[in-house]
Amino acid sequence: MENSNPKADQIEVEVSEFENDFDVVSYTKFYDEFLNVDLLQESWPKVESSLEEYGVLCTLDVVEGKMKVSRATRDQDPNIILRAMDVLELLSRSVPADWAIRVLDCSFQYDIIKIGNQEEGICNMYGITKEQFLARRKLLAGYVLKVLFELTDCGIFLKGNTIAVIGGSLQGINIIRRIVEDCIAHDVPPLPRARLMKKKTQKKKDEINKVASELMINLEGMRI
């Protein structure tokens with residue numbers, strides 16, 4: 001059935017040589033009017049060159065408000081187009097290009113946390129009112145994002161009623177999701193919690209460094 005929404009994301013596929021399988025050929029992502037188009041245009045050459053390294057072509061149409069990626073050749077990794085789709089998804093959520101293109105590397109992962117009243121959103125699932133949401137959302141903005149970054153090495157990007165998280169550690173991504181869910185659903189302030197976790201993590205690092213230093217001193221003594 002044809003989609004009647006002209007702004008719906010579009011995927012073009014082709015049948016694979018394997019039965020009951022298919023490959024994605026191209027993907028078109030529409031972005032909303034709240035996206036900073038000037039910033040997107042400025043960073044687009046970096047997006048374009050990064051995707052080209054993986055054999056993916058991309059175009060930006062600011063008139064119709066859409067981005068498109070497509071496979072350049074059929075003999076390349078068919079899964080790369082899926083990762084390119086992830087790049088567009090993140091860019092459409094105002095994630096800076098420097099972070100969005102990291103998901104082209106399989107060692108990076110990302111999570112989109114829906115915190116509002118949309119389908120599968122935290123407010124929707126826990127019956128949080130608009131007033132409660134706005135008050136609790138403020139707790140997730142500003143300095144706390146810097147602390148969470150230092151704690152997990154994950155990029156965290158808050159836009160509207162979603163939070164995009166990108167990192168090389170699934171553990172770090174899961175930590176941020178728990179902190180966000182507890183803040184929105186249960187009104188648990190994230191900053192004190194993040195500071196406490198950072199303090200405990202730093203203490204463990206200091207203990208490990210101390211043991212390593214003592215071991216090196218002992219080894220040096222044995223050589224003498």
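Thresholds, definitions, all that
- Residues numbered from 1 in each chain as written.
- Predicted model: local features only at pLDDT ≥ 70, side-chain atom pairs only at ≥ 80, totals over all residues.
- Heavy atoms only, no water.
- Buried < 20%, exposed > 50% of the residue type's maximum accessible area, 1.4 Å probe, protein only.
- Helix = DSSP H or I, 4+ residues; strand = E, 2+ residues; numbered from the N terminus.
- Pairing = 2+ DSSP bridges.
- Salt bridge = Lys/Arg side-chain N within 4 Å of Asp/Glu carboxyl O.

Observations regarding the pairing of strand S7 (residues 162-167)
Judged by how many residues are buried, S7 sits mostly within the fold: 6 of 6 residues are covered. Burial along S7 is two-sided: the face carrying Thr162, Ala164 and Ile166 and the face carrying Ile163, Val165 and Gly167 are both buried. The pairing of strand S6 (residues 155-159) with S7 spans 5 bridges and is classified as antiparallel. Within S7, the residue paired with Phe157 across the bridge is Ala164. Counting the residues between successive antiparallel strands, the hairpin from S6 to S7 contains 2 residues, one of them, Gly160, with a positive phi of roughly 60°.

Re the pattern of salt bridges
Pairing between side chains becomes possible if they bear opposite charge and their charged atoms approach one another. Taken as a whole and assessed by the stated rule, the structure comprises 12 salt bridges. Across the salt bridge formed by Glu89 and Lys29, the nearest N and O atoms sit 3.0 Å from each other. With Glu89 in helix H2 (residues 80-91) and Lys29 in strand S2 (residues 22-30), this pair connects stretches of sequence that are 60 residues apart. For the pair Glu89 and Lys29, a shared accessibility class is recorded, and that class is buried. A salt bridge links Asp111 to Arg177; the shortest N-O distance between them is 2.7 Å. Of the two residues, Asp111 is situated in strand S5 (residues 109-114) and Arg177 in helix H7 (residues 170-186); the sequence distance between them amounts to 66 residues. On the basis of relative accessible area, Asp111 is assigned to the buried category, the value being 16%. For Arg177, a relative accessible area of 25% gives the class partly exposed.

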